[in-house]
Amino acid sequence: MSEEGGGSPHGMWSSRWLFVLAAVGSAVGLGNIWKFPYLTGSNGGAAFVLIFLLTIFLVGVPMLMAEVLIGRQGRNSPLNSLRLLVQQHRRSGWWVLVAWFGMLAGILILSYYSVVAGWALWYIVLMSMGAFEGAAVATAQETYAAFTGNPWLVGICHALFLALTVIFIRRGVVKGLETTNRIFMPLLFVLLLVLLGYGMTSGGFGRAFDFMFDFRWEDVTTSTWLMAMGQSFFTLSLGMCCMMSYGAYVPSNASIPGTVAMIALISTGVSLLVSLAIFPVVFVNGLEPGQGPGLMFVTLPLAFGHMPLGALFGFLFFLLVSFAAITSAISMTEPALAYLVEEYNAKRSRVAVTLGVVCWFIGLGTVLSFNVLSDFTVDGSRTIFAFIDRLTQNIMLPVGGLLIALFCAWRLPRRVVQSQLGIKREGPWWLWQLLIGIVTPFSVLTIMVLGLFPCLLNGSCTT
Ligand code: PHE
């Protein structure tokens, strides 16, 4: 276990900064730009947004702290970090399963994430051809339907995105991420502001704002809780040891609470900003907020199609979204990649290619869910895409997160956690312990059980 605590203040600042960049790169991606708006649209707007914010700060932030601190304490890939910690503190070897579970979740998520990222790649091409200049609503809808309806084209874009991800991985996490995040992230933020400006002047902003923030309790269901909590895990890259693997590179003297709060704020800010840009377009054009995964790919091209310099902005936007997706995709593979390299001395590039190929094959199920197999359901109601999405986001990530929280709260010695978090006084320590040891696990468990079995609430499960 190497403890890199010394070094010049400048060196340490740079390392902490690199961690923030990498973690923000992992957190900010299609989850914020593509998924958050459509889940908000199909889960009742403000009800979803408020519960999402609640779960981000009550469950997500403590969980993120737990992952980073375990990673920093272990200083290895998640699996070997956990292995080391259970050996050192004489705990059950079963805890290591959390890392296996995380690696599997990462691969499953990447399998569909790369399909949607492939859509974004195609939209770079469409934008550069000016396909949406002055476009009517029907044109945007038909373009999306025609594209996702073409399995060959989508399959190729999916492969292209995975190939790009592999190329970045081969350059190494730090090198691969540095330029991307340092330059492209701020630029993406600027473009989001441009979109927001368009949204504010489009005439639909008031309705969009109400839709997102005019909260009514009667709109909240157990499913809202489950979806919102799943999204808070997904957007902060939690529950699959991804942040644990990045935590291993954090310098010892960087403050975990401060860093984590910054990451959560940036990620949440981006999600809200994108939605405030998308929903005005929805309402002004009489579109359906709950239309599902196509929401961003129909609304934003319309916005770009009707603003000055729209083709250029649109081209840049989809380019930046693709980069944001790459930095997230890299982080999904990191737990498995770091482990395989560590354990079998395998070449990073070879492992990366293998993971890419595996994800491509599994992802074909998602590619086909939007065309040839759109009527095929895995469990009687969900396409392959919807099934994998629900399995990972609403089951695997929360279960992984729950176990990580329990491990951190009840299996790591107090002094280890205290020194990792820099908590010295009794009051804050008990607050933290209450949060990570009781509030977080209890909330996750309750939300999952009631969300998955709503019949428990009205006693109709007995049939
Ligand atoms: N947080 C990423 C996003 O919002 C997705 C992700 C999930 C990344 C899980 C890593 C692990 O796009």
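Here, every reference points to the structure presented above.
Residues numbered from 1 in each chain as written. Predicted model: local features only at pLDDT ≥ 70, side-chain atom pairs only at ≥ 80, totals over all residues. Heavy atoms only, no water.

> Just to check I follow, could you spell out the environment of Ser-232 for this structure?
Tracing the chain through its elements places Ser-232 in helix 10 (residues 222-235). With 36 residues separating them along the chain, Ser-232 and Thr-268 place their C-alpha atoms 9.0 Å apart. With residues near it in sequence (within four places) discarded, Ser-232 still touches Phe-52, Thr-55 and Ile-56. For Ser-232, the side chain forms a polar contact with the main-chain oxygen of Met-229, separated by 2.8 Å. (Helix = DSSP H or I, 4+ residues; strand = E, 2+ residues; numbered from the N terminus. Contact = heavy atoms within 4.5 Å. Polar contact = N/O pair within 3.5 Å; in protein donor to acceptor, adjacent residues only side chain to side chain.)

> Is there a simple way to explain helix 17 (residues 414-421) in this structure?
In an α-helix, one turn spans 3.6 residues; hence positions three or four apart end up facing the same way. By the burial criterion, the buried members of helix 17 are Val-416, Val-417, Gln-418, Gln-420 and Leu-421. In this fold, the buried residues of helix 17 make contact with helix 3 (46-74), helix 12 (256-284), helix 16 (384-410) and helix 18 (426-452). Residue Gly-422 follows helix 17 closely and has a positive phi angle near 70°. (Buried < 20%, exposed > 50% of the residue type's maximum accessible area, 1.4 Å probe, protein only.)

> When you look at empty space enclosed by the protein in this model, what are you seeing that I'm missing?
Over the atoms, a rolled probe matching the size of one water molecule traces out where space is still vacant. As enumerated under the stated definition, the model contains 5 cavities of 30 Å³ or more in all. In this structure, the largest cavity spans a volume of roughly 130 Å³. Lining the largest cavity are 17 residues, with Ser-26, Phe-234, Ser-237, Ser-328 and Met-332 positioned closest to its centre. Mapped onto the lining of the largest cavity, the elements with two or more residues apiece are helix 1 (9-27), helix 2 (30-42), helix 5 (97-128), helix 10 and helix 14 (310-344). Among the residues forming the lining of the largest cavity, the class breakdown is 9 nonpolar, 8 polar and no charged. Quantified by volume, the second largest cavity comes out at close to 40 Å³. Taken together, Leu-110, Leu-162, Thr-165, Val-166, Ile-169, Thr-333, Ala-352, Leu-355 and Gly-356 make up the full set of residues lining the second largest cavity. If you list the elements that add at least two residues to the lining of the second largest cavity, you get helix 7 (151-170) and helix 15 (348-369). Among the elements that take part in the lining of the second largest cavity, helix 7 stands out by supplying 4 residues, more than any other. The residue inventory of the lining of the second largest cavity, partitioned by class, reads 6 nonpolar, 3 polar and no charged. (1 Å grid on protein atoms, 1.4 Å probe; cavity = no way out; pocket = protein on both sides within 12 Å on 5 of 7 lines; lining within 4 Å. Points joined across faces, edges and corners; volume = space filled by probe spheres on them. Nonpolar A, V, L, I, M, F, W, Y, C, P; charged D, E, K, R; others polar.)

> I'm lost on the packing of aromatic side chains in this one. Help?
Each pair of aromatic rings is reported with the distance of its centres and the angle of its planes. Applying the stated criterion across every chain yields a total of 32 aromatic pairs. Relative to Phe-209, the ring of Phe-205 lies with its centre 6.2 Å away and its plane at 40°, an arrangement referred to as tilted. Highlighted residues: Phe-205 and Phe-209, both in helix 9 (residues 205-213), separated by 4 residues, approximately one helical turn. We classify Phe-205 as buried; its relative accessible area is 18%. Measuring from ring centre to ring centre gives 5.3 Å for Phe-317 and Phe-318, while their planes differ by 85°; the resulting arrangement is edge-to-face. For Phe-317, a relative accessible area of 0% translates into the label buried. The ring of Phe-234 is capped by Lys-35, whose NZ or CZ atom sits 4.0 Å from the centre of that ring. (Phe/Tyr/Trp six-rings, centres within 6.5 Å; stacked < 30°, edge-to-face > 60°. Lys NZ or Arg CZ within 6 Å of the ring centre and 35° of its normal.)

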